[in-house]
Amino acid sequence: MKLQRKNRRALTLGALAVSGALALTACGSDDTGDNSGGGSTTTAAAGDIKCDDASGQLQASGSSAQKNAIDAWIKQYSAACKDVQINYNPTGSGAGITAFLQGQTAFAGSDSALEAEEIEESKKVCTDSQAIDLPMVGGPIAVGYNVPGVDNLVLDPATLAQIFDSKITNWNDEAIKKLNPDAELPDLKIQAYHRSDESGTTDNFTTYLQAAAPDDWKYEPGKSWEAKGGQSAQGSSGLAQQVKQTSGAISYFELSYAKDGITTVDLKTEASEPVEATIENSTAAIGAAKVVGTGKDLALELDYTPSAEGAYPIVLVTYEIVCEKGNKADTLPATKSFLNYIASEEGQGLLVDAGYAPIPDEIITKVRETVAGLS
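(A) Quick look at the nonpolar core. In terms of nonpolar packing, the biggest core is built from 108 residues, with Trp73, Met136, Leu160, Phe164 and Ile250 touching the most fellow members. The biggest single contributor to this core is strand S5 (residues 131-145), with nine residues. Dropping the residues within four chain positions of it, methionine 136 is found in contact with Trp73, Thr318, Glu320, Leu339, Ile342, Ala343, Gln348, Leu351, Ile359, Ile364, Val367 and Val371.

Right, dumping it as structure tokens:
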């Protein structure tokens, strides 16, 4: 099973960029088909992407968890809309929201919905309006590990919480042995890594720990890591790199980062069998989410303690955060054009191959309607 898992994770998006700003320009590519016809036309490879009157530079930043999806989307969009240059900086959800609220970007990516005070603050940059949450990307938060000789590992919420709270510090701990009686667990120190930056992935991961293991995780969930001990790294890519290169490491990141030989934990739930982190296993959990935002805001409430067979318990939804009204006139056409594309059937269709789960039809339909009304 683990060999198949590794093969599935040999994704086709190319090398994982670990630098700061991601600047993808509409320079064309070798596989975009016939590009004759100018910036407002589409190509056979790009499909029916509507550029309308979009042009200029579009600055955005935030969630690093969605970076691989953004990569894939920008590649296709730029092939069709050559008059638009999109610069997405995967600084993390917290930094992305801050930049948006300061008027530095056209939209932000965040793995957790805006808080009430952030919505209130957004009224300063959204003329006569406020910011709204548009769910665009879904998927599991994988728990990746690097333990020599251990290709299959099962953990339950309590054990996972104790590991990340520095209560369990060695891989041959009795609690881990009990869950993995057939594994040859080495006498090796656990190197638990968490995000150094504010992150919606951290918010979702710690929300899961509190919901599923309340007796073992006493910290309030949030974008900032609150537990003591452990080590830290910047962004999902930074965590994945540490797991890959550090013997004894364990960390959490979006499934699209669990590749190039990184194996992941199967999580024990109330179901009869432990659940692997896969797109398929996260789809049901996202589909069961409830829309709790008001008006045009489409913030979702997730269930972190599912009991159904094969339901992976740690999922996240990444939102694109944008002004409902009062967007800057010079970036509004490009913002609507790009968001319209990534919410389209074609844009969502790229997500599975990129290691993500598409947003369910009943939710993404509302997203498309909302994007069409942005002003």
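(B) Layout of the environment of asparagine 87. Relative to the assigned elements, asparagine 87 resides in strand S3 (residues 84-89). Within the structure, the side chain of asparagine 87 is placed 3.2 Å from the side chain of glutamine 85, a separation counted as a polar contact.

(C) Quick look at the packing of helix H5 (residues 157-164) against helix H7 (residues 200-212). Where H5 contacts H7, the axes come no closer than 9 Å and their chain directions differ by 125°. With respect to H7, the axis of H5 lies oblique. Of the two possible hands of crossing, H5 and H7 adopt the one that is left-handed. Two secondary-structure elements touch here, H5 through Pro157, Leu160, Ala161 and Phe164 and H7 through Phe205, Tyr208, Leu209 and Ala212. Class assignment of the residues belonging to the contact of H5 with H7 gives a composition of eight nonpolar, no polar and no charged.

(D) Spotlight on the packing of aromatic side chains. Applying the stated rule across the entire model yields ten aromatic pairs. With a centroid separation of 6.2 Å and 25° between ring planes, the pair formed by phenylalanine 107 and phenylalanine 338 is classed as stacked. Taken as a pair, phenylalanine 107 in strand S4 (residues 107-110) and phenylalanine 338 in helix H10 (residues 332-343) lie far apart in primary sequence, 231 residues in all. Residue phenylalanine 107 shares its accessibility class with phenylalanine 338, and that shared class is buried.

(E) Highlighting the side chain of aspartate 165. Tracing the chain through its elements places aspartate 165 in the loop between H5 and helix H6 (174-179). Overall, the relative accessible area of 10% leaves aspartate 165 in the buried class. Polar side-chain contacts of aspartate 165 include one of 2.8 Å to the side chain of lysine 167. Contacts of aspartate 165, omitting those with residues within four sequence positions, involve Asp216, Trp217, Tyr219, Ala227 and Lys228.

Rules used in this analysis
- As a convention, each chain's residues are numbered from 1 in the sequence order in which they are written.
- Residue-level local features of this predicted model are given only where pLDDT is at least 70; pairs of side-chain atoms are given and counted only at 80 or more, and the full residue set underlies all totals for whole chains, interfaces and linings.
- Side-chain metrics in this entry use all non-hydrogen atoms of the structure; hydrogen atoms and water are not considered.
- Remark: nonpolar core denotes a set of buried residues (Ala, Val, Leu, Ile, Met, Phe, Trp, Tyr, Cys) joined through side-chain atoms within 4.5 Å.
- For every residue, the accessible area (1.4 Å probe, protein chains only) is compared with the maximum for its type, and the residue is labelled buried under 20%, exposed over 50%, or partly exposed between those bounds.
- The helix and strand labels rest on DSSP assignments: H or I over at least four residues marks a helix, E over at least two residues marks a strand, and numbering proceeds from the N terminus.
- Whether two residues are in contact is decided by their heavy atoms: any pair within 4.5 Å suffices.
- Contacts described as polar in this section are N or O atom pairs within 3.5 Å, which, within protein, must combine one atom able to donate a hydrogen with one able to accept it, while residues neighboring in sequence count only if both atoms come from side chains.
- Axis lines are fitted to C-alpha atoms, over the contacting stretch for helices. Their N-to-C directions set the angle, which ranges from 0 to 180 degrees.
- Note on terminology: angles under 35 degrees are roughly parallel, angles over 145 are roughly antiparallel, angles of 65 to 115 are roughly perpendicular, and the others are oblique.
- Note on convention: near helix rotated counterclockwise from far helix by under a right angle means a left-handed crossing. Clockwise means right-handed.
- The nonpolar class holds Ala, Val, Leu, Ile, Met, Phe, Trp, Tyr, Cys and Pro. Asp, Glu, Lys and Arg form the charged class, and all remaining residues, Gly among them, are polar.
- Aromatic pairs are defined between Phe, Tyr and Trp rings, using the six-membered ring for Trp, whenever the two ring centres lie within 6.5 Å; interplanar angles under 30 degrees are classed as stacked, those over 60 as edge-to-face, and all others as tilted.

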